[in-house]
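Now for the letters of each chain:
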Amino acid sequence: MRVILVRFGIHLLLLFWPLFCCAQSMQGNSLAGLLFSPVNQPALAGIGGVAAILEDSEGFLWLGGESGLARFDGYQLKEYRHDAERAGSLSNHFITGLLLDAQKQLWVATGKGLNRYNPVTQTFTHFNTQSSINFIYQDSNSTLWAGFVGGGLYRYVSAEQRFERFNFAGGANEYSNDSFFTAFEDSNGDLWLGGQQGALRVNRNSAVARYYSRVNKSASQPIKVIYQDSSGVLWFGSTAGLLRFDPTSKTLENYSTAAKPAQALAQVAISAITEDADGRLWLASDGAGLFYKDVKAEYFSAYAPAGLVNRHTRALLKSRAGDLWVGHYPAGLSRLHRSSIFQHYVQGPDGEGLSNHDILSVAEDTLGQLWVGTEGGLNRININTDVITQLNTAPGVAPLPKPVIALASNASHVFMGTWPAGLSRAPVQEAAFSPYTGEHNMAAPAFIFIDSKLRTWVGLQAGLVLLAAGEKWPLGRKLSAKAALSIVETRDGNFWLGEYGRLMQLNANGELIKSYHFSPDNPAGLPDAAILAMLEDAEQNLWLATRAGAVLFNPAAQTFTRYSQADGLPSDSVNCVVEEDAQWLWFATEAGLARLNRDTGVFNLFTRKDGLAGNRYKSKTCLRLSNGELVFGSTQGLTRFNPKRLSSEQTFPAVTLTSFEVLSQGRHLNWPLQQPLAQAQSVTLPYPHSAFALTFSALNFAPQEQQYAYYLKGLEQDWTFVGTSNRATYTNLPPGQYVFRVQAASAQGAWADDGRELVIIIGAPWWGAGWLRGVLLVLLCVLGYGAWRVRKSVQKAPEQLLGGQSEAPALDPKKVAQALPKIMAGMEQDQLFLDHSLSLKSFAQHIGVNARDVSKVLNSHMHCTFLEFLSRYRVAEAKRLLLADSNNSVTDIMLKSGFNTKSAFYRVFKAECGITPSEYRAGAAKPPR
């Protein structure tokens, strides 16, 4: 009886819910596509509060803190501090400003003088070390300016390598000893200086200056930052709020007074101002966080601190890539990732936006509305206006059941599945939900699916239930007893049902046609994992999202092809799949989104660093809208975007060498170079040094995602793919010249033909000098002449037997003569290369030759490894099929030619032919590299 009353109470609540429902509507976030994230670098604490950020010509970030200077390459900090025992160290560890001048030289302002950095010696030249410096600035004429505490304005005289005091003309000399905190050149070429109670405007040619006092000035409210935005407005940030220059009244007006909605900026200490790549103006404040103003907005808005280290923001930098970097106190660095195509829906700091950030289900109705189920309840988004409506109960009324774990919609109704209430539905226009009243327990449905006949399929832990179409709740039929996890309707009118380790085909009445089970005896079959989502693609293949990767099922051939992390997915845990078009498929995983190009087999990966709301995605949260846009729900919000706006061009990041260390007797030595390592073309190591280590970075500050490959020409024959590792080490190299090459993969996982090169010369010992080697060579030639004649006579017979080839030293000539024909027959006649699982061991067993002998014959007579030998035959077969078999897909041809993964197929094919299989089929062949 108690269970009946509880269920009745829930049903009654749902039935009368629209009488109490209150809709909380709000406009979508204007910062769509912009996400801050803290930089996870513990060493940042060592330099203290970050007061200045600079990007140099190579792409390194320089951070000036209260306890030192640091260069950041995305992986580690290289720190610089004052050291009284070491000449050329910083003059002081308290950094007040950074500048990269027109000659790409780094200047550092400190609490005790100015410093100019020498990147070759990694030392600093000091200027005016008895003075504390407020700022360092360079104008458009390449003149350097510096503000000394209590000492006025100084200008750098390059011919004399010194700073001299700047004297203002006329009556302005009274300001010569003032403290200036910042400088900025406006669009007219005038120099503005921030003073104690206002700003000084200086004509650099005449040295005439005019002082502009701030309105409502107080005894001590210095102007710390000056900035002119793209519309020409001059902004002044002070320790007591924001000011704006009024060109009409020629005054500095308090922005919080001039614009009433900006009262929040009153008395806020503004520490930095900049404009981002979209023209949005940003303010950093020490304690109140960030403020921003869109191009068309009249007022500033406070930015919710999501993703920031804290609200103590002291420095701003817009990088060349369009990212915004924020320096924090007492330590820390945050980064704003710019991605204009991604739009986010999240829960705001005051409860606005979505009812919760954890997205559990999505559905689109016929009215252009997007329904979103979260841990916090149900939401409705108008796709055209971006207005979000939280469907909540009125105060004093019991809340609706939540979370909303399943959603579906047809032309008339929206269906909602919750825990523990189960299934309910409402008219699309009214959102007045009524509960399911049948005999089945509909608690916690895994899915709700509306088929082409408007019937409702409900997947439950206890099985599958089919409800007939109708205005009233019909009686349902239970079709299976196992947990039903996913379903899809195919073009032939049948259905596929996904369970754990089982895939079933059902007819239109839900009757079983055939099924496929996981079998440990069939590793190429269905995986032993839950099938969380399914999709029938344009070629009528079935794609399965499982916890063991993405699986392509070809119903005609009854074959399963699995895609995993090894093939380019960000995670083996795939939760849903969406088809963009005939070329592109999207997979949502536990570690980001993956976009598969079915023509090339290459995955493009997207994470929070690319602008997504989150990285962890769940089943039932992926959707292709009727307008072609895609929607993905994560644990940190909903992302919506038009995939056609994604650039299809490959962008290959340039790699920079970040360190070169010589390894000597267990020590790591920073080797002296003739030029900065980033520009160095060669390094010479004299004897006895023959071991070294290099680190490198793509300087895109994404160490968890960036892939690298390198090889040392002169020692290695092929690239070493090292994943996200950014270090290479070589030891005990013989004397000679080597070329180290390193390259970084694109975001799509492709590799460029070029990369960073460094010539490395390992010196020989004195006894290895050229003249001595020449003398020894002559002696060895004379002494070895007789031995050579004997060796030649011994080699004569086997050379004739093998057509003039010399045998491998470690292999008997008779064995070569016997093994070589068998090796060729195994490939040419038996076509063993078509076996997906073929290995050196199984190949040797088949042809009756020892595996070691096979390897030696291939190395000495075919000049290749077994894998290279095998790949040549497979590529040759693939080329034949691509031209002769136009009805089969590239994937089918991959399997027919002996390959078992697309990544290996495309990599080997392109290495052999210089183009992809699709390009080869289209006749776009080009000479091999």
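About the thresholds
- All residue numbers here refer to positions counted from 1 along the written sequence of the relevant chain.
- Reporting in this predicted model follows two pLDDT cut-offs: at least 70 for local features of residues, and 80 or more for side-chain atom pairs to be given and counted; totals over whole chains, interfaces and linings ignore these cut-offs and use all residues.
- Each side-chain value is worked out from all heavy atoms of the structure, with water and hydrogens disregarded.
- Paired strands are those between which DSSP finds at least two bridges.
- Numbered from the N terminus, helices here are DSSP runs of H or I no shorter than four residues, and strands are runs of E no shorter than two.
- Working convention: axes come from line fits to C-alpha atoms, limited for helices to the stretch in contact. Angles between N-to-C directions cover 0 to 180 degrees.
- Only buried Ala, Val, Leu, Ile, Met, Phe, Trp, Tyr and Cys residues count toward a nonpolar core, and they belong to the same one when joined by side-chain atoms within 4.5 Å.
- Think of it in three bands: residues with accessible area under 20% of the maximum for their type are buried, residues over 50% are exposed, and the middle band is partly exposed, with areas taken using a 1.4 Å probe on protein chains only.
- Contact definition: two residues touch when any of their heavy atoms are within 4.5 Å.
- In protein, a polar contact requires one atom able to donate a hydrogen and another able to accept it; more generally it is a pair of N or O atoms within 3.5 Å, and residues adjacent in sequence count only if both atoms are side-chain atoms.
- Think of a salt bridge as a Lys or Arg side-chain nitrogen and an Asp or Glu carboxyl oxygen that are within 4 Å of each other.
- Angles are sorted into four bins: roughly parallel if under 35 degrees, roughly antiparallel if over 145, roughly perpendicular if 65 to 115, and oblique for all others.
- Polar here means any residue outside two lists: the nonpolar Ala, Val, Leu, Ile, Met, Phe, Trp, Tyr, Cys and Pro, and the charged Asp, Glu, Lys and Arg; Gly therefore counts as polar.
- Ring pairs shown here join Phe, Tyr and Trp side chains whose ring centres sit within 6.5 Å, with only the six-membered ring taken for Trp; geometry is labelled stacked below 30 degrees between planes, edge-to-face above 60, and tilted in between.
- By definition here, charges over rings are those cases where NZ of Lys or CZ of Arg is within 6 Å of the ring centre and within 35 degrees of the ring normal.
- Whenever a pair of cysteine sulfur atoms sits within 2.5 Å, that pair is classed as a disulfide.
- Expected span, for any helix, means 1.5 Å times one less than how many residues it has.
- Read the arc as the range of directions from the helix axis to the C-beta atoms.

## A closer look at the sheet that holds strand E3 (residues 50–55)
With respect to topology, four strands assemble into an open sheet ordered E3-E4-E5-E6, the strand pairing being antiparallel. Taken across any chain shown, the strands that pair with only one partner, and hence form the sheet edges, are E3 and strand E6 (77–80). Sheet twist, expressed as the average angle between the axes of neighbouring strands with direction ignored, equals 20°. In terms of strand pairing, strand E5 (residues 68–72) meets E6 through four bridges, oriented antiparallel. Its bridge partner being in E6, Leu69 is matched across the sheet by Tyr80.

## A closer look at the nonpolar core
Ranked by internal contacts, the top residues of the largest apolar core, which has 39 residues, are Leu153, Phe168, Leu193, Phe236, Leu242, Ile273 and Phe300. Here this core gets four residues from one element, more than from any other, and that element is strand E19 (residues 223–228). What Phe236 contacts, discounting residues up to four positions off in sequence, is Trp192, Ala199, Ile223, Val225, Ile226, Gly241, Leu242, Leu243, Phe245, Leu252 and Ile273.

## Description of the pairing of strand E53 (residues 592–597)
Of all the six residues making up E53, six are buried; the element is thus mostly covered by neighbouring parts of the structure. Sheet topology places strand E52 (residues 584–589) next to E53; six bridges connect them, and they run antiparallel. Bridge pairing in E53 places Trp584 opposite Asn597. With antiparallel pairing between neighbouring strands as the criterion, E52 and E53 make up a hairpin whose turn holds two residues. Of the pairings in the sheet, the one linking E53 to strand E54 (residues 602–606) comprises five bridges and is antiparallel in character. The partner of Arg595 across the bridge, within E54, is Asn604. Here E53 folds back onto E54, and the loop between the two strands holds four residues, one of which, Gly601, carries a positive phi near 75°.

## Some details on the environment of Ser334
With respect to the helices and strands, Ser334 occurs in strand E29 (residues 333–338). The class of Ser334 is buried, set by a relative accessible area of 0%. Considered as a pair, Ser334 and Pro38 are 296 residues apart in the sequence and their alpha carbons are 4.3 Å apart. One polar contact links Ser334 to His328, side chain to side chain, over a distance of 2.7 Å.

## Considering the pattern of salt bridges
Counted according to the given criterion, the structure contains 31 salt bridges. Two residues, Arg314 and Glu66, come together in a salt bridge whose shortest N-O distance is 2.9 Å. Here Glu66 lies in the loop between strand E4 (61–65) and E5 and Arg314 lies in strand E27 (residues 313–318), a separation of 248 residues in the sequence. You can call Arg314 partly exposed: its relative accessible area is 22%. Close ionic contact of Asp581 with Lys644 constitutes a salt bridge, the shortest N to O distance being 2.2 Å.

## Remarks on the pairing of strand E37 (residues 422–427)
For E37, the buried fraction is high: five of the six residues fall into the buried class. As paired strands, strand E36 (residues 413–418) and E37 are joined by six bridges and run antiparallel to one another. Considered in E37, the bridge of Met416 is made with Ser424. If you look at the hairpin formed by E36 and E37, you'll find three residues sitting between the two strands. Where E37 and strand E38 (residues 434–435) come together, two bridges link them in antiparallel fashion. Residue Arg425 lies in a different strand from E38, and its bridge partner there is Ser434. Here E37 hands over to E38 after six residues, with Ala431 in that stretch at a positive phi of 55°.

## Things to note about the packing of helix H4 (residues 813–828) against helix H6 (residues 851–862)
Pairs of packed helices are described in terms of their axes, by the angle between the two and the distance that separates them. Between H4 and H6, the least distance of the axes is 10 Å, while the angle of their chain directions is 90°. Judged by the angle between their axes, H4 and H6 are roughly perpendicular. Residues Lys815, Val816, Ala819, Leu820, Ile823 and Met824 of H4 form the contact with H6, whose own contacting residues are Asp853, Val854, Val857, Leu858, His861 and Met862. Of the residues that constitute the contact of H4 with H6, the class distribution is nine nonpolar, one polar and two charged.

## Points about the sheet that holds E37
On the basis of which strands lie adjacent, the open sheet formed by four strands has the order E35-E36-E37-E38 and antiparallel pairing. Where the open sheet ends on each side, the last strands, each with one partner, are strand E35 (404–409) and E38.

## Here's the deal with unusual backbone geometry
Cis geometry marks the peptide bond from Tyr329 to Pro330; its omega dihedral reads 5°. In this structure, Pro330 sits in the loop between strand E28 (324–328) and E29. Cis geometry marks the peptide bond from Lys402 to Pro403; its omega dihedral reads 10°. If you trace the backbone, Pro403 turns up in the loop between strand E34 (388–393) and E35. In this model, Gln122 sits at a positive phi of 55°, which is unusual for a non-glycine residue. Relative to the elements of secondary structure, Gln122 occurs in the loop between strand E9 (113–118) and strand E10 (123–127).

## Things to note about the packing of aromatic side chains
For the coordinates displayed, the defined rule picks out 65 aromatic pairs. Consider the rings of Phe721 and Trp751, whose centres lie 5.2 Å apart with planes at 70°: the pair is edge-to-face. With Phe721 in strand E63 (residues 720–723) and Trp751 in the loop between strand E65 (736–744) and strand E66 (756–762), this residue pair connects regions lying 30 residues apart in the sequence. Among the residues examined, Trp751 registers a relative accessible area of 27% and is labelled partly exposed. Among the aromatic residues, those joined into a cluster by ring pairs are Tyr75, Phe660, Phe692, Phe696, Tyr708, Tyr710, Tyr730 and Phe740. Arg71 extends its terminal NZ or CZ atom over the ring of Phe60, reaching a point 4.0 Å from the ring centre. The side chain of Arg595 reaches across the aromatic face of Trp584, ending 3.7 Å from its centre.

## What to know about the state of the cysteines
Scanning the model with the defined rule gives one disulfide in all. Residue Cys576 pairs covalently with Cys622 via a disulfide, S to S 1.7 Å. Taken as a pair, Cys576 in strand E51 (residues 574–579) and Cys622 in strand E55 (residues 617–624) lie far apart in primary sequence, 46 residues in all. Each member of the pair Cys576 and Cys622 is classed as buried.

## Overview of the environment of Gln161
Along the chain, Gln161 falls in the loop between strand E13 (152–157) and strand E14 (162–165). Considering only alpha carbons, one finds Gln161 and Phe127, 34 residues apart in sequence, at a separation of 8.8 Å. Excluding residues that lie within four positions of it along the chain, Gln161 makes contacts with Arg116, Phe127 and Tyr156. Within polar-contact distance, the side chain of Gln161 engages the side chain of Arg116 at 2.9 Å. Side-chain polar atoms of Gln161 contact the backbone oxygen of Ser158, separated by 3.1 Å.

## Digging into the side chain of Asn494
Relative to the assigned elements, Asn494 resides in the loop between strand E43 (486–489) and strand E44 (495–498). Among all residues touching Asn494, those that are not within four sequence positions of it are Val488, Glu489, Gln505, Leu506, Asn507, Ala508 and Ile513.

## Brief notes about H6
With 12 residues, H6 should reach 16 Å at 1.5 Å per residue; the first-to-last C-alpha distance of 15 Å fits that figure. Of all the positions in H6, only Asp853, Val854, Val857, Leu858 and His861 are classed as buried. Considered in projection along H6, the buried side chains sweep an arc of 135° and stay on one side of the axis. On its buried face, H6 is in contact with H4, helix H5 (840–847) and helix H7 (866–884).

## Quick notes on the environment of Tyr211
Mapping Tyr211 onto the fold places it in strand E18 (residues 209–213). Owing to a relative accessible area of 23%, Tyr211 belongs among the partly exposed residues under this scheme. Counting along the chain gives 40 residues from Tyr211 to Thr251, while the straight-line C-alpha distance between them is 9.8 Å. Setting aside chain neighbours within four positions, we find Tyr211 in contact with Tyr175, Gln196, Gln197, Gly198, Ala199 and Leu200.

## Observations regarding the packing of H7 against helix H9 (residues 902–913)
Closest axis-to-axis distance for the H7/H9 pair is 10 Å, and the angle between their directions is 90°. One finds that H7 runs roughly perpendicular with respect to H9. Side by side, H7 and H9 meet where Ser871, Arg872, Val875, Ala878, Lys879 and Leu882 of the first sit next to Phe905, Val908, Phe909, Glu912 and Cys913 of the second. A per-class count over the contact of H7 with H9 returns seven nonpolar, one polar and three charged.

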